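Examination of the molecular architecture
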Amino acid sequence: KAGVTQTPRYLIKTRGQQVTLSCSPISGHRSVSWYQQTPGQGLQFLFEYFSETQRNKGNFPGRFSGRQFSNSRSEMNVSTLELGDSALYLCASSSRRFSWDRGRSGANVLTFGAGSRLTVL
Amino acid sequence: KQEVTQIPAALSVPEGENLVLNCSFTDSAIYNLQWFRQDPGKGLTSLLLIQSSQREQTSGRLNASLDKSSGRSTLYIAASQPGDSATYLCAVGEETSGSRLTFGEGTQLTVNP
């Protein structure tokens, strides 16, 4: 069973550019969430998508956006890149079946991808 | 706002030692708590998930406990091995979404042969 696949694994951009990262969840998983990991702030929640709808959003500026497609694949976009956006961006999927499932069942074990490491120069 | 703290930040032990990693959280209204491991430059691997109604979970040499009332969790690793060297992260599931986790800063573990 294939895991969570993130592309690209590494990329370098310059300030002001935009970037799109892709995440393919485990087959059958409908929930996809995104996290940013930096040495200074640690792991921070960006947003979560379930059935093509954003269900939850972290405390990030509007330059960070995402979407989910009908096949559950997700993309996140960062516009007008800043140096501080340099980070490891991690995507995770879970087998949660219902949007209202708040984690009471065991379906909320998150499986993470290897991440996309973004460097902004 | 939920805050998660992990102690110690780094730990170095000789192979074979039993060890305990600590995690504390400020808001006891959690739905679950997960322990992950992260190898350098890699993503996260889920080790154990404890539901809010549970007290502990075990997997092989790993045992995680949860005390919601005191806002604490511990990860016990028995008979440590060099392959256990990694950063261990504790994360709590928030009330609004099971997929929104608040992470601690992690404990960097080194097991010396």
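Calculation criteria
- Residues numbered from 1 in each chain as written.
- Chains lettered and ligands numbered in written order.
- Predicted model: local features only at pLDDT ≥ 70, side-chain atom pairs only at ≥ 80, totals over all residues.
- Heavy atoms only, no water.
- Helix = DSSP H or I, 4+ residues; strand = E, 2+ residues; numbered from the N terminus.
- Disulfide = S-S within 2.5 Å.
- Buried < 20%, exposed > 50% of the residue type's maximum accessible area, 1.4 Å probe, protein only.
- Polar contact = N/O pair within 3.5 Å; in protein donor to acceptor, adjacent residues only side chain to side chain.
- Contact = heavy atoms within 4.5 Å.
- Pairing = 2+ DSSP bridges.
- Axes fitted to C-alpha atoms, helices over the stretch in contact; angles between N-to-C directions.

**As for unusual backbone geometry**
All names here are of chain A. Note that the residue after threonine 7, namely proline 8, is joined by a cis bond; omega there is -10 degrees. Along the chain, proline 8 falls in the loop between β1 (5–7) and β2 (10–13). Of note, glutamate 52 is a non-glycine position whose phi angle comes to about 70 degrees, a positive value. Mapped onto the elements of the fold, glutamate 52 is located in the loop between β5 (42–50) and β6 (53–57).

**Side note on the state of the cysteines**
Residue and element names in this part refer to chain B. With the rule as written, the count across this model stands at two disulfides over all chains. Covalently, cysteine 23 is tied to cysteine 90 through a disulfide, its sulfur atoms 2.0 Å apart. With the S-S dihedral at roughly -55 degrees, the linkage between cysteine 23 and cysteine 90 falls on the left-handed side. One end of the pair, cysteine 23, is in strand β3 (residues 19–25); the other, cysteine 90, is in strand β9 (residues 86–93), with 67 residues separating them in the sequence. By the burial criterion, cysteine 23 is buried, and cysteine 90 matches it.

**A closer look at the side chain of A:Arg63**
All names here are of chain A. Structurally, arginine 63 is set in the loop between β6 and β7 (64–68). The exposure class assigned to arginine 63 is buried, which follows from its relative accessible area of 16%. A polar side-chain atom of arginine 63 sits 3.1 Å from the main-chain carbonyl oxygen of threonine 80. Each residue touching arginine 63, except ones within four places of it in the same chain, is listed here: Asn77, Val78, Ser79, Thr80, Leu81, Glu82 and Asp85.

**Looking at the sheet that holds strand β8 (residues 72–77) of chain B**
All names here are of chain B. Read from one edge to the other, the open sheet built from five strands follows the order β1-β3-β8-β7-β6, with strand pairing classed as antiparallel. What marks the edges here is a single partner per strand, and that holds for β1 (4–7) and β6 (56–59). Averaged over all neighbouring strand pairs, the angle between strand axes comes to 15 degrees, with direction disregarded. Where β6 lies against strand β7 (residues 62–67), four bridges are found, and the strand directions are antiparallel.

**Some points on the pairing of strand β4 (residues 32–38) of chain B**
All names here are of chain B. Counting buried residues in β4 gives seven out of seven residues, a clear majority hidden from the surface. On β4, burial covers both faces: Asn32, Gln34, Phe36 and Gln38 on one face and Leu33, Trp35 and Arg37 on the other are all buried. Relative to strand β5 (residues 44–51), β4 is paired through seven bridges, and the arrangement is antiparallel. Paired with tryptophan 35 across the two strands is leucine 48, which belongs to β5. The turn joining β4 and β5, which pair antiparallel and follow one another in sequence, is formed by five residues; a positive phi near 70 degrees is taken by glycine 41.

**What about the environment of A:Arg117?**
Note that A:Arg117 resides in strand β11 (residues 116–120). Residue A:Arg117 is classed as partly exposed on the basis of its relative accessible area of 35%. When the C-alpha atoms of A:Arg117 and A:Tyr89 are compared, they prove to be 6.3 Å apart, with 28 residues separating the residues in sequence. Those residues in contact with A:Arg117 that lie beyond four places of it in its chain are A:Arg9, A:Tyr10, A:Leu11, A:Ala87, A:Leu88 and B:Gly41.

**A look at the sheet that holds β1(A)**
Residue and element names in this part refer to chain A. Taken in spatial order, the four strands of this open sheet run β1-β3-β8-β7, and their pairing is antiparallel. Unpaired on one side and paired on the other, β1 and β7 mark the two borders of the sheet. Each strand axis lies, on average, 15 degrees off the axis of its neighbour in the sheet, ignoring direction. Strand direction decides the pairing type here: β7 and strand β8 (residues 74–78), joined by five bridges, are antiparallel. Of the residues in β8, the one forming a bridge with phenylalanine 64 is valine 78.

Bear in mind that shape data such as this cannot, by itself, settle questions of function.
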